[in-house]
Amino acid sequence: MPALPRPASGPGARYTPRAATSRPRSRAARYIDVAALSRHLTDRDVWLTRMVNEHKVLTSHQITRLAFGALRTAQRRLLTLHQLGVLDSFRPLAQTGSAPEHYTLGPAGAALLASAAGCDLAEVGWHSSRTGRIAYSPSLGHDLGVSELLTHLAARTRTAPDHRLSLWLSARSCARRWGDLIRPDAYAHWQADGQLLPFFLEYDTGSESLARVEAKLPGYAAFATTTGTSPALLLHTRTESHAQLLRQRLAAPARELGLTVATSSADFTTSTPWGPWWSPLPPGDTRRTTLANLTARWPSLSPAAGLDPTDADTALTLPVPPLPPALGGSA
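The following refers to the structure shown. (Residues numbered from 1 in each chain as written. Predicted model: local features only at pLDDT ≥ 70, side-chain atom pairs only at ≥ 80, totals over all residues. Heavy atoms only, no water.)

**Thoughts on the environment of Ala 224**
Structurally, Ala 224 is set in helix α11 (residues 217-227). Put simply, Ala 224 and Ala 304 are 80 residues apart on the chain and 8.4 Å apart in space, counted from C-alpha to C-alpha. (Helix = DSSP H or I, 4+ residues; strand = E, 2+ residues; numbered from the N terminus.)

Below, the structure is given as structure tokens:
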């Protein structure tokens with residue numbers, strides 16, 4: 001099974017970014033007629049456009065996991081969407097082996113989202129340099145790691161219908177809602193065996209010091225106090241040795257602040273992050289357990305406040321279902 005992206009020394013260190021030049025578009029694709037474009041797009045294509053905009057970049061493997069039955073099928077459709085200008089793409093130069101194609105929002109996709117939201121293209125935040133900026137971003141490895149973990153959770157419903165990732169908010173969506181208090185890498189709802197685990201995710205590639213991670217805890221405590229809600233906080237690290245150091249550093253302050261925290265690492269989660277890899281911090285049982293069992297250990301958990309749509313929301317700010325319509329995604 002492929003492991004989660006694990007940069008050698010810091011975010012994105014595993015990749016030497018290089019924009020792909022092997023997929024030139026036809027001249028016709030440079031002129032965007034959104035009305036005409038609608039003839040070519042399925043509901044899954046529109047969902048994927050929203051998904052790529054929400055999470056900035058997804059690999060062909062991650063997209064296959066979420067929306068297609070086979071990589072070859074996904075690649076054919078992704079090539080069509082690239083030719084239409086709905087998606088843009090690049091392939092980083094990996095230090096070993098080859099990286100998969102990475103997909104971002106293309107010019108036609110941005111125009112489509114702007115039309116659906118009834119806004120100007122500038123409000124979508126798209127620019128012709130967007131893909132290049134993502135490709136060369138030092139946080140590329142970090143962002144892919146977050147998506148790798150959560151796409152595995154979302155795809156779990158294919159083989160276990162009673163397991164479901166019903167909500168997945170990106171770091172940008174979290175900042176829009178709660179940025180004055182906390183800025184997690186993701187917020188999600190994991191449903192399994194009839195139980196709901198609402199959680200914030202902090203994904204550490206090893207670039208953050210223990211002190212910096214500890215400094216985030218008061219913000220989560222303030223969030224719980226201010227909103228009266230109590231999602232769990234899951235901390236995912238690059239190696240288990242780092243997770244152990246983090247546990248030693250955070251056990252006392254997390255207990256004092258009344259936070260429910262669990263840790264895991266890429267040494268365990270790989271392609272089964274729902275499994276028995278999560279270690280709760282004390283007090284209570286600290287043995288590794290599954291995400292579903294964390295809910296049983298923490299009966300006081302509750303979903304975060306600020307999730308209901310408001311009059312200020314548009315099609316650009318509403319949550320994107322983690323799975324396409326045909327696979328039962330829901331916001």
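**So, the packing of helix α3 (residues 60-67) against helix α8 (residues 140-155)**
Following both chains from N to C, one finds α3 and α8 inclined at 20 degrees, their axes separated by 9 Å at the closest point. Classified by the angle their axes make, α3 and α8 are roughly parallel. Considering how the two elements wind past one another, α3 and α8 form a crossing that is left-handed. In this structure, α3 uses Gln 62, Arg 65 and Leu 66 to contact α8, whose residues at the interface are Leu 144, Ser 147, Glu 148, Thr 151, His 152, Ala 154 and Ala 155. Its residues placed into classes, the contact of α3 with α8 shows four nonpolar, four polar and two charged. (Axes fitted to C-alpha atoms, helices over the stretch in contact; angles between N-to-C directions. Parallel < 35°, antiparallel > 145°, perpendicular 65-115°, else oblique. Left-handed = near helix turned anticlockwise from the far one by under 90°. Contact = heavy atoms within 4.5 Å. Nonpolar A, V, L, I, M, F, W, Y, C, P; charged D, E, K, R; others polar.)

**Side note on unusual backbone geometry**
In this model, Pro 282 is joined to Pro 283 through a cis peptide bond whose omega is 10 degrees. Looking at the secondary structure, you find Pro 283 in the loop between β11 (279-280) and α13 (291-297). The backbone of Lys 56 shows a phi angle near 75 degrees, a positive value even though the residue is not glycine. Structurally, Lys 56 is set in the loop between α2 (43-55) and β2 (58-59).

**Points about the sheet that holds β2**
Here three strands make up an open sheet; going across it, the order is β2-β5-β3 and the pairing antiparallel. Taken across any chain shown, the strands that pair with only one partner, and hence form the sheet edges, are β2 and β3 (87-90). (Pairing = 2+ DSSP bridges.)

**What about the pairing of strand β8 (residues 195-203)?**
For β8, the buried fraction is high: seven of the nine residues fall into the buried class. Bridging between strand β7 (residues 186-192) and β8 involves seven bridges; their strand directions are antiparallel. Along β8, the bridge assignment pairs His 189 with Pro 198. What sits between β7 and β8 in their antiparallel hairpin is a turn of two residues, with Asp 193 showing a positive phi close to 55 degrees. The pairing of β8 with strand β9 (residues 232-237) spans five bridges and is parallel. When the sheet's bridge partners are listed, Tyr 203 is paired in β9 with His 236. (Buried < 20%, exposed > 50% of the residue type's maximum accessible area, 1.4 Å probe, protein only.)

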